[in-house]
Amino acid sequence: MAEPGTGAAGGGRDRAGNGTGSGGAGDDPGADPPLPQGENGVEGRAVRVGTRRSQLARIQTDSVVTILRELYPDLHFEIVAMSTTGDKILDTALSKIGEKSLFTKELENALEKNERENPLDAVVFHPKNCGKTLSLLPEKSVIGTSSLRRAAQLKKKFPQLQFRDIRGNLNTRLKKLDEKEDFSAIILAAAGLKRMGWEDRIGQLLGPEDCLYAVGQGALAVEVRAKDQEILNMVSALHDTDTVLCCIAERAFMKRLEGGCSVPVAVSTLLKDGQLYLTGAVYSLDGSDSLKETMQTSVNYPHQNEDGPNDDVQHVGITAKSVPNQAQEAAENLGVELANLLLSKGAKHILSVARQLNDTR
């Protein structure tokens with residue numbers, strides 16, 4: 001991503017990217033000279049938007065670029081598709097690959113979140129099981145999921161069922177479900193199914209009481225090269241304050257726990273009447289051992305003019321210039337404090353054992 005004004009869009013993931021990186025447009029000795037700039041600072045520039053090649057990633061990227069084109073009709077947006085580590089390695093469980101940024105590493109620099117889709121997990125059933133729920137499936141029915149988080153929680157709640165890895169994009173997974181008899185159902189993110197126009201395939205939504213979701217699940221992210229203030233200013237129009245604060249809290253929680261795809265870490269957030277509620281949990285691989293707690297904090301702060309040296313401050317990789325910095329700090333502290341509470345109760349041991357067992361599977 002060496003072009004000036006480069007960004008990346010993606011979302012609906014089962015995990016959140018690191019959102020770190022370095023090098024702005026000014027670091028590229030081969031960059032074109034700056035073009036005349038208007039009020040938004042990017043007039044006349046070509047903005048290259050990187051995305052994964054999958055159909056879902058393209059749908060999500062196109063939706064973001066469509067909004068940006070409406071906001072900035074004088075700009076030229078070019079979408080550049082690329083393959084990521086997670087796209088290339090399809091014969092290994094996600095938790096075994098050993099990367100924390102499987103689907104974002106090639107795209108990452110700095111994160112901005114915009115409006116969040118339904119973050120819940122959804123069950124898609126084999127055609128012969130339409131109309132059923134997980135609790136009504138026959139004993140030893142096989143459920144497909146590549147997520148340790150989902151498997152750990154659902155093994156505990158539905159011990160009569162069996163869980164097996166399933167890889168591939170949404171199209172591939174649904175084809176494996178429908179055309180073979182290997183799986184009675186598969187678990188997917190509701191957000192991805194809705195964005196693909198396949199909401200009618202959802203047979204059961206799993207609420208937080210059944211399955212806490214992944215950090216950042218359902219949120220769309222626009223990733224911007226670090227310190228590219230012009231593009232940061234441009235995409236700041238996409239911010240959804242509630243989504244930003246929820247994702248900051250969730251990411252801070254996971255970061256403090258040193259979580260990732262190789263350990264079962266789960267969350268649920270709710271923002272109501274200026275209060276941010278965060279539920280977080282850690283699990284053993286079979287779900288038999290777990291810790292779960294909820295904390296809350298006020299995020300009801302007015303927006304102040306914070307231009308100056310800290311105008312691009314990040315909170316766990318998220319730069320949200322239109323959201324009060326005090327609220328972002330409160331959300332980040334909430335995530336850290338909840339993680340510290342779980343660590344004080346033995347979360348480190350649970351996650352260490354889970355990581356070791358996953359490495360030997």
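This is a predicted model, so every value here is computed, not measured.

(A) Summary view of the overall build of the chain. A tally of helices and strands in the chain yields ten helices and 13 strands. When contacts within the chain are restricted to residue pairs at least 6 apart in sequence, long-range pairs at least 24 apart make up 75% of them. Summing over all exposed atoms, the chain offers an accessible surface of approximately 16000 Å²; the carbon and sulfur share of this is 47%.

(B) A look at helix α1 (residues 55-71). Between the first and last C-alpha of α1 there are 25 Å, a value that for 17 residues agrees with the 24 Å anticipated at 1.5 Å per step. Listing the buried residues of α1 in full gives L56, A57, Q60, T61, V64, V65 and L68. Mapping the buried residues of α1 onto a view down its axis gives an arc of 160°, with all of them on the same face.

(C) How the structure looks around the nonpolar core. Counting residues in hydrophobic clusters, the biggest one holds 36 residues, and the most contacted among them are L245, F253, L257, V265, L276, L278 and V282. The set of elements that each furnish at least two residues to this core consists of α8 (241-257), β11 (265-272), β12 (275-283), α9 (325-344) and α10 (347-360). In terms of residue count, the dominant contributor to this core is α8 (ten residues). Discounting chain neighbours no more than four positions away, the residues touching V282 are L257, P264, V265, D289, S290, L291, L342, A347, I350 and L351. If you look at the next biggest cluster of nonpolar residues, it comprises 16 residues, including V49, L68, V222 and L238.

(D) Spotlight on the pattern of salt bridges. For the coordinates displayed, the defined rule picks out ten salt bridges. Notably, a salt bridge pairs E117 with K194, separated by 3.4 Å at the nearest N-O pair. One end of the pair, E117, is in the loop between β4 (111-116) and β5 (121-125); the other, K194, is in helix α6 (residues 190-195), with 77 residues separating them in the sequence. Within the structure, one salt-bridge network assembled from shared partners comprises D121, R149 and R150.

(E) Seen up close, the sheet that holds strand β7 (residues 162-164). If you walk across this open sheet you meet the five strands as β7-β6-β8-β5-β9, and the pairing is mixed. Edge positions in the sheet fall to β7 and β9 (204-206), since each has one partner strand and no second. Looking at each pair of strands side by side, their axes are set apart by 30° on average, direction ignored. Judged from the three bridges that link them, β5 and β9 form a sheet pairing that is antiparallel. Counterpart to A122 in the pairing with β9 is L205. Relative to the sheet, helix α4 (residues 148-157) contacts β5, β7, β8 (185-189) and β9, its axis offset from that of β8 by approximately 125°.

(F) View of the sheet that holds β11. Strand order in the open sheet formed by three strands is β11-β12-β13, and the pairing between neighbours is antiparallel. Of all strands in the sheet, those with a lone pairing partner are β11 and β13 (290-298), marking the two edges. Along the sheet, successive strands turn relative to each other by an average axial angle of 15°, direction set aside. Where β12 and β13 come together, nine bridges link them in antiparallel fashion. When the sheet's bridge partners are listed, G280 is paired in β13 with E293. Of the strands in this sheet, β12 and β13 touch α9, which is tilted by about 150° from β13.

(G) Main features of the state of the cysteines. For the structure on display, the rule yields zero disulfides. Between C246, a free cysteine, and C247, which holds the nearest cysteine sulfur, the sulfur-to-sulfur gap is 6.9 Å. Looking at C246, the relative accessible area reads 8%, which means it is buried.

(H) Quick look at the environment of L291. Its place among the elements puts L291 in strand β13. As a C-alpha pair, L291 and I350 span 59 residues in sequence and 8.7 Å in three-dimensional space. When near neighbours in sequence (up to four residues on either side) are disregarded, L291 contacts G280, A281, V282, L342, K345, G346, A347 and I350.

(I) Fine view of the side chain of D121. As for its placement among the helices and strands, D121 is situated in strand β5. The class for D121 is buried, based on a relative accessible area of 0%. A polar atom in the side chain of D121 sits 2.8 Å from the side chain of R150. A distance of 2.9 Å separates the side chain of D121 from the side chain of Q217, its partner in a polar contact.

(J) Molecular detail of the confidence of the model for the chain. Summary statistics for the chain give a mean pLDDT of 81 and a share of 76% for residues scoring 70 or more. Contacts from residues 1-40, a stretch scored under 50 in pLDDT, to residues over four places away or in other chains number 112 contacts.

(K) The arrangement of the packing of α8 against α9 in detail. Following both chains from N to C, one finds α8 and α9 inclined at 35°, their axes separated by 7 Å at the closest point. The hand of the α8/α9 crossing is right-handed. Across the interface between the two elements, L245, I248, A249, A252, F253, R256 and L257 from α8 touch A327, Q328, A331, E332, G335, V336, L338, A339, N340, L342 and L343 from α9. Broken down by class, the residue content of the contact of α8 with α9 amounts to 13 nonpolar, three polar and two charged.

What counts as what
Residues numbered from 1 in each chain as written. Predicted model: local features only at pLDDT ≥ 70, side-chain atom pairs only at ≥ 80, totals over all residues. Heavy atoms only, no water. Helix = DSSP H or I, 4+ residues; strand = E, 2+ residues; numbered from the N terminus. Contact = heavy atoms within 4.5 Å. Areas by Shrake-Rupley, 256 points an atom, 1.4 Å probe, with all protein chains shown as cover. Expected span 1.5 Å × (residues − 1). Buried < 20%, exposed > 50% of the residue type's maximum accessible area, 1.4 Å probe, protein only. Arc of directions from axis to C-beta. Core = buried A, V, L, I, M, F, W, Y, C linked by side-chain atoms within 4.5 Å. Salt bridge = Lys/Arg side-chain N within 4 Å of Asp/Glu carboxyl O. Pairing = 2+ DSSP bridges. Axes fitted to C-alpha atoms, helices over the stretch in contact; angles between N-to-C directions. Disulfide = S-S within 2.5 Å. Polar contact = N/O pair within 3.5 Å; in protein donor to acceptor, adjacent residues only side chain to side chain. pLDDT = per-residue confidence, 0-100. Left-handed = near helix turned anticlockwise from the far one by under 90°. Nonpolar A, V, L, I, M, F, W, Y, C, P; charged D, E, K, R; others polar.

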